[in-house]
Amino acid sequence: MTDIESVMISDWKKYESYKCKVDLCQDDKSIEIKLLSFERPHMRAFHCAWWCYFVAFVIWFSAAPLLSEIKGDLGLTKEQIWNSSIAGVGSTIIMRFVNGPLCDKYGPRVMMASVLAFACIPTALTGIIASAEDLILIRLLIGVGGSTFVMCQYWASRMFTKEVVGTANALCGGWGNLGGGVAQLFVGSLLLPLFKFIYDDDVGCEQFEDDEEFVKSDLPWDVMCASEKAWRTVSVIPALITALTAWWIIGHSEDSPKGNYWELKENGAMPTISATSSFREGLCNVNTWLLFFQYACCFGVEITMNNAAALYFHDEFDQTTEQAAAIASLFGWMNLFARGLGGYMSDRGNSKIGMKGRLIVQSICLFAEGFLVIIFAQVKQLWLAILIMVIFSLFVQAAEGSSYGIVPYINPPVTGSIA
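Source: prediction; values computed, not measured. (Residues numbered from 1 in each chain as written. Predicted model: local features only at pLDDT ≥ 70, side-chain atom pairs only at ≥ 80, totals over all residues. Heavy atoms only, no water.)

Student: Residue-level account of the overall build of the protein, with values.
Tutor: The helix and strand inventory of the protein stands at 18 helices and two strands. Looking at the protein residue by residue over its 419 residues, the buried ones come to 56%. Of the contacts made within the protein by residues no fewer than 6 positions apart, 80% connect residues no fewer than 24 positions apart. Surface summary for the protein: the accessible area is close to 17800 Å², and the carbon and sulfur share equals 66%. (Helix = DSSP H or I, 4+ residues; strand = E, 2+ residues; numbered from the N terminus. Buried < 20%, exposed > 50% of the residue type's maximum accessible area, 1.4 Å probe, protein only. Contact = heavy atoms within 4.5 Å. Areas by Shrake-Rupley, 256 points an atom, 1.4 Å probe, with all protein chains shown as cover.)

Structure representation (structure tokens):
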């Protein structure tokens, strides 16, 4: 029996009719996904969910393609670089636990905007990094943006029925995670060379190249290398895009088919939900932890690849920063369709044999993913490493997509905490 307050609620709703076909027995959720529609509330929320998660992923991994430059300019070790990556992931995990119950209480729209508005600030401040400790702190704070996954999945789950929610969640999550690949390409292969061109005045730093004890970051701005000026300022662009996104969604989307949470509560159409009770309900459900472990085996692998792939191809295959970033972006580009495919197969499995079908699809994807990562680690030819990485990524994303079809079934009233 749930601790969530059970009271008589009114039938108030913000919209009398919808552009999508809905199931009145499932809280006016849509039974169809119209990808080319931007109509409120269902499809507007769908597109806001994946776009917000997309820009969050861009800023989350905006530093990844710059790490080889940062490592050289600040004289950092591989261990220090890895510690910064761990910090970025650690803050995400903690904030996901926090954001879930808060979504149940305040709605995904407000929480999404709040987290994006916060995370864009340390992203813009990437240029102030002067030591390993600074890098760790900045990436720790930026990592909060990665927790927008909870709002993304919660938002889609509130808008679509169980029959199509696997596909909806997978598409939102997949297109959002595409930001990891786009960050490599956009920041590392497009913006970084552009900013280097703009700052093409690095003559002043050449006189120090033979000094082994000299660290480039000791230089004042007027004689600083163009490459260093570039990585110190390039992150302002994705930070600005994120800030504008956070501002826009507040007034142009809804939390649920029937309206925003504050409107529903004000009109007696939604019971009051305690964030603490929601968290306790999700925490005490053993299925939550089983899904947690399963998802860690696929999403954990993806964020590791997003953090390490560019540096790996730079060090192991002697690629330039721009080339390594472009290659690493291929891993993220599989999100364009692979997650949606995983969600679709999960929905198909459910239509045939119920939840067992969803679990079978996920198990197959996880097995293939584990096998391919072992092969990838042994490959020494560049072309073959790229090929295996792409196939490997396909199963990683599909495994994640299949997870999203399971989340709404565990305990619907506390979906935020489960997610």
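Student: Can you explain a nonpolar patch on the surface? Please cite residues and give values.
Tutor: Judged by side-chain polarity, Ile93, Ile94, Phe97, Val98, Phe279, Leu283, Trp289, Phe292 and Phe293 come together as a nonpolar surface patch covering roughly 830 Å² of accessible area. The set of elements that each furnish at least two residues to the nonpolar patch consists of α3 (78–106), α11 (275–283) and α12 (286–316). In terms of residue count, the dominant contributor to the nonpolar patch is α3 (four residues). As for its placement among the helices and strands, phenylalanine 97 is situated in helix α3. (Patch = residues over 30% accessible without salt bridge, like charges linked within 9 Å, V, L, I, M, F, W, Y side chains within 5 Å. Salt bridge = Lys/Arg side-chain N within 4 Å of Asp/Glu carboxyl O.)

Student: For unusual backbone geometry, give the residues involved together with the corresponding values.
Tutor: The omega angle of the peptide bond from arginine 40 to proline 41 is 0°, so this bond is cis rather than trans. Structurally, the position occupied by proline 41 is in the loop between β2 (29–30) and α1 (42–60). Backbone geometry places aspartate 27, a non-glycine residue, at a positive phi of 60°. Of note, aspartate 27 is situated in the loop between β1 (22–23) and β2.

Student: Talk me through the pattern of salt bridges; I want residue IDs and the actual numbers.
Tutor: Applying the stated criterion across every chain yields a total of 15 salt bridges. In this structure, arginine 158 and aspartate 27 form a salt bridge, with 3.2 Å as the shortest nitrogen-oxygen distance. Taken together, the residues span a long stretch of sequence, with arginine 158 in helix α6 (residues 148–159) and aspartate 27 in the loop between β1 and β2 at a distance of 131 residues. With its nearest N and O atoms 3.2 Å apart, the salt bridge here joins aspartate 27 to lysine 258. Taken as a pair, aspartate 27 in the loop between β1 and β2 and lysine 258 in the loop between α9 (236–251) and α10 (261–266) lie far apart in primary sequence, 231 residues in all. Since its relative accessible area comes to 18%, lysine 258 is described here as buried.

Student: So what's going on with the nonpolar core? Which residues, and what values?
Tutor: Ranked by size, the top nonpolar core spans 58 residues in total, and within it Phe46 and Met112 carry the most contacts. Sorting elements by how many residues they give to this core places α1 first, with 14 residues. Excluding its chain neighbours within four sequence positions, the residues that come into contact with phenylalanine 46 are Ile33, Leu35, Phe160, Ala168, Leu171, Cys172 and Trp175. With 21 residues, the next largest nonpolar core counts Ile70, Ile138, Leu191 and Leu192 among its residues. (Core = buried A, V, L, I, M, F, W, Y, C linked by side-chain atoms within 4.5 Å.)

Student: So what about helix α13 (residues 321–333)? Which residues, and what values?
Tutor: A rise of 1.5 Å per residue sets the reference length of α13, with its 13 residues, at 18 Å; its end C-alpha atoms lie 18 Å apart and thus fit the reference within 8%. Restricting attention to buried positions, one finds in α13 the residues Thr321, Ala324, Ala325, Ile327, Ala328, Ser329, Phe331 and Gly332. Close packing links the buried residues of α13 with α2 (67–74), α7 (165–198), α12 and α16 (382–404). (Expected span 1.5 Å × (residues − 1).)

Student: Talk me through the confidence of the model for the protein; I want residue IDs and the actual numbers.
Tutor: Of all residues in the protein, 89% have pLDDT values of 70 or greater, and the mean over the chain is 88. Ranking the elements of the protein by mean pLDDT puts helix α18 (residues 415–418) last, at 61, and helix α4 (residues 108–124) first, at 98. Note on residues 1–6: pLDDT is under 50 here. Beyond four places in sequence and across chains, it has eleven contacts. (pLDDT = per-residue confidence, 0-100.)

Student: Tell me about the packing of aromatic side chains, and name the residues and values.
Tutor: With the rule as written, the count across this model stands at 27 aromatic pairs. Note on tyrosine 53 and phenylalanine 149: the rings are 5.8 Å apart at their centroids and 55° apart in plane angle, and the pair reads as tilted. Residue tyrosine 53 is located in helix α1, and its partner phenylalanine 149 is located in helix α6; the two are separated by 96 residues in the primary sequence. Of the two residues examined, tyrosine 53 and phenylalanine 149, each falls in the buried class. (Phe/Tyr/Trp six-rings, centres within 6.5 Å; stacked < 30°, edge-to-face > 60°.)

Student: Mind laying out the environment of tryptophan 175, listing which residues take part and the relevant values?
Tutor: Looking at the secondary structure, you find tryptophan 175 in helix α7. Using a relative accessible area of 17% as the deciding quantity, one classes tryptophan 175 as buried. Distance from tryptophan 175 to glycine 332, taken between C-alpha atoms, is 9.5 Å for residues 157 residues apart in sequence. Not counting the four nearest positions on each side in its chain, tryptophan 175 is found in contact with Leu35, Phe46, Trp50, Phe54, Asn335 and Leu336.

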